[in-house]
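Next come the chains, spelled out residue by residue.
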Amino acid sequence: MKRLKQWWIVSLIGFLFLLPIKTEAASYPTPVKVKLLPTTTFSATVTGNYRLINLDSKQAISFTNPISFSQSNGKVVATIGTKTYSSSSGFMIDEVTRSDLNEVTISNIKQSTGSVATKYRGSFTIVPGATSPDLFNTLDIEDYVKGVVPGEMPASWPKEALKAQAVAARSYAYTQLQKTSYLQMTVASQVYGGKSKEHSNTNAAVSETAGIYATYNNQPIAAYFHSSSGGYTENSENVWSSVVPYIRSVADPYDQHPSNPHYGWTASADSSTIASKFKLTDERLVALRVTERTQAGSVQQVQAIAYNPTTAQKRTINTRTTFVSSPDSFRSFFGVTLKSISFNIKGNANVKIKRADGSEQTVDHVAGYKLQTVSGETTINDLNISVRTKDTTIYYPTSPTQFTFTGNGWGHRLGMSQWGARSMAEKGFKYDQILKHYYKGIEVKKLN
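Residues numbered from 1 in each chain as written. Predicted model: local features only at pLDDT ≥ 70, side-chain atom pairs only at ≥ 80, totals over all residues. Heavy atoms only, no water.

Participant: What exactly am I supposed to notice about the side chain of histidine 257 here?
Facilitator: With respect to the secondary-structure elements, histidine 257 resides in the loop between β16 (225-226) and β17 (263-270). At 2.9 Å, the side chain of histidine 257 and the side chain of glutamate 426 are in polar contact. For histidine 257, the residues in contact, after removing those within four places along its chain, are Trp419, Arg422, Ser423 and Glu426. (Helix = DSSP H or I, 4+ residues; strand = E, 2+ residues; numbered from the N terminus. Polar contact = N/O pair within 3.5 Å; in protein donor to acceptor, adjacent residues only side chain to side chain. Contact = heavy atoms within 4.5 Å.)

Set out below in structure tokens:
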């Protein structure tokens, strides 16, 4: 009888050993999945309570640091010392139990300054990509926001501003995950720098607002934010397309902080560059004019004037919607990056002319105009016109060779201005008051 019991015990142990290991990330109250951007090959150095799982066999692999990952023939290859493991499904670095002491350092994460080693919280899946492994970081939303806030707002700014940023980042992430299975680590979602980017000031702001969201009709909002409003935020439909009830234009005097560098910015582009955007070949771009803007100053329409020297004909081209689909697209259309859509345009061919009736007028070009000379009337077709002064003759362009854009603000002007949040915090406003100034009709509260 004793032998029979022993046989059952051995069989049960063997059965349990063959059960597949859990291949989902550790239990996170509100999980967030982020796609990281490693180089083609990278390594992971694990600190804390983790296990490495082959997603093909669902079995744990004994490992030592570092674990190197690459891709060959459509499979992920993990190299540990002299041993290699290949998996068509990939691998998981699973955080067995959550702890602040746990972290995984990824050797090469792509940044604007190059690839750098970066520490992260949470669990990881490494799966086959198009040509190299795709790397995903899964962690709780509170730990995710800790890696976001210092990347979006300086950690030295006032705590109430940091808390407003934390709630905005948490709310935005929550709404995005209702539409997609994972977030990006870049501005395409929010700038996420992992544990390496964390700061004690921003971590405190996240902890003190833990679980708190900006809500509209009891649902978290897509809490868009930007660097500087330029004095006014904007209605959502005046920047993109759809109407969002809580993204309404508000006057923003707080944005004009003494240290805010985003007022009076300038950017210039050659006429030839802009002409190519309008696909002009036989015509010259002779003018570029803002013809429509909102009460908040956001440009809604830009007209280009094209002149054909052969036919002496001019035509007007509307930039939107022929060449751009939304006002926000103006920021990248003209061959130069514009900080916001609160801007003016001026060419370098502005000149004052005297008309036949004796009146004077300032125009932005004279190409195609009729010029009265001693020998009669002629059409101005040349690129330059000679102008005699008291002492000499100068040659002035008949149409602009360059356009200069000047404006205020930085970003899409929707929702919270970060510079405005800083000023409001310095003036004594609490984080919920800051949020309610920039997002209309919201509540700031914990979710049930």
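And the narrative resumes.
Participant: How do you make sense of unusual backbone geometry when you look at a structure like this?
Facilitator: With the exception of glycine, the majority of residues adopt a negative phi angle, and the majority of peptide bonds are in the trans configuration. The omega torsion across asparagine 65 and proline 66 is -10°, close enough to zero to call that bond cis. By the secondary structure assignment, proline 66 is in the loop between β4 (59-61) and β5 (67-72). Cis geometry is adopted by the peptide bond preceding threonine 321, which originates at arginine 320 and carries an omega value of 15°. One can find threonine 321 in helix α7 (residues 319-322). In this structure, asparagine 218 is a non-glycine residue whose phi angle is positive, near 65°. Structurally, asparagine 218 can be placed in the loop between β14 (212-216) and β15 (219-220).

Participant: Would you explain the pattern of salt bridges in this entry?
Facilitator: Between side chains of opposite charge, a pair can form as their charged atoms come close. Here the structure, examined in full by the defined rule, presents 16 salt bridges. Note that glutamate 208 and lysine 163 form a salt bridge whose closest N and O atoms lie 3.6 Å from each other. A residue pair is termed long-range when its members are at least 10 positions apart, and glutamate 208 in helix α5 (residues 200-208) and lysine 163 in helix α3 (residues 159-176) qualify at 45 residues. A relative accessible area of 9% means that lysine 163 is categorised as buried. Of the charged contacts in the structure, one is a salt bridge between glutamate 237 and arginine 248, with a shortest N-O distance of 2.7 Å. You can see glutamate 237 sitting in the loop between β16 and β17 and its partner arginine 248 sitting in the loop between β16 and β17, a full 11 residues away along the chain. (Salt bridge = Lys/Arg side-chain N within 4 Å of Asp/Glu carboxyl O. Buried < 20%, exposed > 50% of the residue type's maximum accessible area, 1.4 Å probe, protein only.)

Participant: Is there a simple way to think about the pairing of β14 in this case?
Facilitator: In summary, the side chains of a regular strand alternate between the two faces of the sheet. Burial analysis of β14 places 4 of its 5 residues in the buried class, the great majority of the element. Strand direction decides the pairing type here: β14 and strand β30 (residues 443-446), joined by 4 bridges, are antiparallel. Counted as the bridge partner of tyrosine 213 is lysine 445 from β30. Relative to β15, β14 runs antiparallel, the two being bridged by 2 bridges. Paired with threonine 215 across the bridge in β15 is proline 220. Between β14 and β15, which pair antiparallel and follow one another directly, the connecting turn spans 2 residues, one of which, asparagine 217, has a positive phi of 55°. (Pairing = 2+ DSSP bridges.)

Participant: Quick question: what am I supposed to make of the packing of helix α2 (residues 141-152) against α5 here?
Facilitator: When two helices pack together, their arrangement is captured by the angle between the axes and the distance separating the axes. One can describe the packing of α2 onto α5 by two numbers: an axis separation of 9 Å at closest approach and a directional angle of 135°. As far as their axial angle goes, α5 and α2 are oblique. Where α2 crosses over α5, the two elements pack in a sense that is right-handed. Across the interface between the two elements, Glu142, Val145, Lys146, Val149 and Pro150 from α2 touch Thr202, Asn203, Val206 and Ser207 from α5. Broken down by class, the residue content of the contact of α2 with α5 amounts to 4 nonpolar, 3 polar and 2 charged. (Axes fitted to C-alpha atoms, helices over the stretch in contact; angles between N-to-C directions. Parallel < 35°, antiparallel > 145°, perpendicular 65-115°, else oblique. Left-handed = near helix turned anticlockwise from the far one by under 90°. Nonpolar A, V, L, I, M, F, W, Y, C, P; charged D, E, K, R; others polar.)

Participant: Would you take a moment to explain the environment of isoleucine 67 for this structure?
Facilitator: Position of isoleucine 67 relative to the elements: it lies in strand β5. Exposure remark for isoleucine 67: the relative accessible area of 0% places this residue in the buried category. Here the alpha-carbon distance between isoleucine 67 and isoleucine 106, two residues 39 residues apart in the chain, equals 9.7 Å.

Participant: What is the right way to look at the sheet that holds strand β11 (residues 123-127) in this model?
Facilitator: The strands making up a sheet are joined through hydrogen bonds of the backbone, oriented either antiparallel or parallel. Strands sit in the order β4-β3-β8-β11-β12-β1-β13 across an open sheet of 7 strands; the sheet is mixed. The sheet is open, and its two borders are formed by β4 and β13 (183-184), each paired with just one other strand. When strand β8 (residues 91-95) meets β11, the two strands line up antiparallel, connected through 3 bridges. Looking at the pairing, methionine 92 lines up with threonine 125 of β11. α2 contacts β1 (31-36), β12 (134-140) and β13 of the sheet and is inclined by roughly 115° relative to β12.

Participant: Can you walk me through the packing of aromatic side chains in this structure?
Facilitator: Two measures describe an aromatic ring pair: the distance that separates the ring centres and the angle between the ring planes. Applying the stated criterion across every chain, the model contains 19 aromatic pairs. The interplanar angle of 70° and the centroid separation of 6.2 Å between the aromatic rings of tyrosine 120 and phenylalanine 124 together place this pair among those described as edge-to-face. On the accessibility criterion, phenylalanine 124 (1% relative accessible area) is buried. Ring plane angle 40° and centroid distance 5.8 Å describe the contact between tyrosine 120 and tyrosine 192, whose orientation is recorded as tilted. Of this pair, tyrosine 120 sits in strand β10 (residues 114-120) while tyrosine 192 sits in the loop between β13 and α4 (194-197), and the two are 72 residues apart along the sequence. Residue classification places tyrosine 120 among the buried positions, given a relative accessible area of 0%. Among the aromatic residues, those joined into a cluster by ring pairs are Phe278, Phe323, Phe330, Phe333, Phe334, Phe343 and Phe405. For the cation-ring pair, lysine 33 lies above phenylalanine 136, with the distance from its terminal atom to the ring centre recorded as 4.6 Å. The residue whose ring lies beneath lysine 339 is tryptophan 410, and the NZ or CZ to ring-centre distance is 5.2 Å. (Phe/Tyr/Trp six-rings, centres within 6.5 Å; stacked < 30°, edge-to-face > 60°. Lys NZ or Arg CZ within 6 Å of the ring centre and 35° of its normal.)

Worth remembering: the numbers are spatial, not functional.
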